[in-house]
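Now for the letters of each chain:
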Amino acid sequence: MEGSSRITAGGQPVRRRRVPVAVVVALVLLACVATTIGVVSCVADDVSSDLSDQEMACCWEDGATPAWMSGRMGIRIPEAASDRRAGYRVGQRYDTGLLSFVLPGDEAETYTGRLIRNDTRMIGNFHPEKKDYRPAAAFGHLGLPEPETFVEGLRKISLCPDELTTPEGKYLQRCVDLFTHEFEPGTTRIYVRSAIEPSVTPPPASKAP
């Protein structure tokens, strides 16, 4: 039978040291606490993600068509534009309008040139956001990536209607953030985001033009 001791070379028994019960209990408790923290953290992340998704999906008005949004912003959409998209999100302090459309590269250059003053230039996105970036009013609602995450082919500028007398700028109704992204050679997507006072209300979807 195996005992709890062994015999040394001198013939003296040497007893094995047993780990104190308190230490074993403490280690078990620590393991349980660590497991609990991990489970709670995962659940909290899932809940936070669900709440974030719900918040991002909230408060979008169905009647905000590209034509209606164009009129509210004062951003005229060129006839050659394709893939026109728009969104209007109601917020607590202010609402946000989104507008997007696609132009051939040369027509996009002409369009922005007629909108921006000659002494002003669009800049590159030198500090891009991470791929999972989601602003309060995300273009993701329109099925588009966020322009702030792009580096290649992306240019941006902020414009306000004050004293903007360019051929297209004179129609501007509100301050806007304007992005152009050449997502493939010769094809550019225009993104426009604008804060809008809450008194503006899109028409019902059934009556939208």
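Data block above holds the structure.
So, how was this worked out
- Position numbers for residues start from 1 in each chain and track the written sequence from start to end.
- Per-residue local features of the predicted model are confined to residues with pLDDT of at least 70, and side-chain atom pairs are confined, for both listing and counting, to 80 or more; whole-chain, interface and lining totals are unaffected and use all residues.
- Excluding hydrogens and water, the side-chain values take into account all heavy atoms of the structure.
- The way it works is that DSSP assigns letters per residue, a run of H or I at least four long becomes a helix, a run of E at least two long becomes a strand, and they are numbered from the N terminus.
- Exposure is judged per residue with a 1.4 Å probe applied to protein chains only, and the accessible area is read against the type maximum: over 50% gives exposed, under 20% gives buried, and values in between give partly exposed.
- Residue contacts are counted whenever heavy atoms from the two residues lie within 4.5 Å of one another.
- Note on pairing: two strands pair once DSSP finds at least 2 bridges between them.

Trainee: Explain the overall build of the chain to me, please; I cannot follow it from the model alone.
Mentor: Broken down by element type, the chain carries three helices and eight strands. Going residue by residue from the N terminus, the α and β elements of the chain occur as β-β-α-α-β-β-α-β-β-β-β. Per-residue burial for the chain yields a buried fraction of 34% across its 209 residues. Pairs at least 24 apart in sequence give 60% of the contacts found in the chain among residues at least 6 apart.

Trainee: Would you mind showing me how to read the environment of alanine 64 here?
Mentor: The residue alanine 64 is located in the loop between helix H1 (21-57) and helix H2 (66-73) in this model. Setting aside its immediate chain neighbours within four residues, alanine 64 contacts Ala86, Gly87, Tyr88 and Pro202.

Trainee: Sorry, what's going on with H2 here?
Mentor: An α-helix turns once per 3.6 residues; consequently, residues spaced three or four apart project the same way. The complete set of buried residues in H2 reads Trp68, Met69, Ser70 and Met73. Residues of H2 that are buried in the fold lie against strand S3 (82-89), strand S4 (95-104) and strand S8 (187-196). A positive backbone phi angle near 80° is found at glycine 74, which sits one or two residues after H2.

Trainee: Would you mind showing me how to read the sheet that holds strand S5 (residues 123-124) here?
Mentor: Pairing between the strands of a sheet is mediated by backbone hydrogen bonds and can be parallel or antiparallel. The six strands are arranged S3-S4-S8-S7-S6-S5 in an open sheet whose pairing can be described as antiparallel. One side of each edge strand has no neighbouring strand; the edge strands of this open sheet are S3 and S5. In the sheet, strand S7 (residues 176-184) pairs with S8 via six bridges, with the strands oriented antiparallel. Within the sheet, the bridge partner assigned to leucine 178 lies in S8 and is valine 192.

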